[in-house]
Amino acid sequence: QVQLVESGGGLVQAGGSLRLSCAASGRIRRIDTMGWYRQAPGKQREPVATITNGGSANYANSGEGRFTVSRDNAKNTVFLQMNSLKPEDTAVYYCKAAVVAAPVFLIRDYWGQGTQVTVSS
């Protein structure tokens with residue numbers, strides 16, 4: 001059993017910043033790619049940023065230049081620094097991690113419960 005817990009969401013004004021955190025816990029053997037996804041009302045869930053276990057990051061066009069994803073492998077934690085937030089960034093942000101965990105050796109995706117980010121105009 002693996003759990004991902006997000007934190008750091010909240011209400012901010014346009015132009016403000018938030019830093020999201022996601023910590024994985026459980027019988028973890030290895031974590032590969034971790035990432036952030038978001039889903040706004042009336043829209044499909046979309047990727048925001050991903051990062052490999054080696055630190056290679058990829059960003060969606062919506063966040064590139066404003067968002068920064070990073071991770072602390074020793075703590076099984078991934079972060080998303082969001083600057084210059086816009087109202088269109090309002091969404092539930094979900095953490096995802098590809099994890100190998102006991103008692104099996106297959107890599108599978110785990111999702112966090114999500115954290116609400118609201119950007120007011």
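This report concerns the structure included in the present document. (Residues numbered from 1 in each chain as written. Predicted model: local features only at pLDDT ≥ 70, side-chain atom pairs only at ≥ 80, totals over all residues. Heavy atoms only, no water.)

### Concerning the overall build of the chain
A count of helical and extended segments in the chain gives 0 helices and 11 strands. Seen through its C-alpha atoms, the chain measures out along the principal axes to roughly 50 × 25 × 20 Å. A total of 121 residues make up the chain; the buried ones form 41% of that total. Long-range pairs, those at least 24 residues apart, make up 55% of the contacts in the chain with a sequence separation of at least 6. Of the accessible surface of the chain, which amounts to about 6,500 Å², a share of 47% is contributed by carbon and sulfur atoms. Put simply, the chain has 13 plus and 8 minus side-chain charges, and the middle of one group is 6 Å from the middle of the other. (Helix = DSSP H or I, 4+ residues; strand = E, 2+ residues; numbered from the N terminus. Buried < 20%, exposed > 50% of the residue type's maximum accessible area, 1.4 Å probe, protein only. Contact = heavy atoms within 4.5 Å. Areas by Shrake-Rupley, 256 points an atom, 1.4 Å probe, with all protein chains shown as cover. Lys, Arg positive; Asp, Glu negative; His and termini not counted. Charge placed at Lys NZ, Arg CZ, Asp CG, Glu CD.)

### So, the sheet that holds strand 1 (residues 2-7)
One open sheet holds the 4 strands; their spatial order is 1-3-8-7, and the pairing between them is antiparallel. Since the sheet does not close on itself, it has two edges, and those belong to strand 1 and strand 7 (67-72), each with one partner. Looking at each pair of strands side by side, their axes are set apart by 15° on average, direction ignored. (Pairing = 2+ DSSP bridges. Axes fitted to C-alpha atoms, helices over the stretch in contact; angles between N-to-C directions.)

### So, the side chain of S21
Within the secondary structure layout, S21 lies in strand 3 (residues 18-26). A relative accessible area of 18% places S21 in the buried class. Apart from residues no more than four positions distant in its own chain, S21 is found in contact with V5, E6, S7, W36, V78 and F79.

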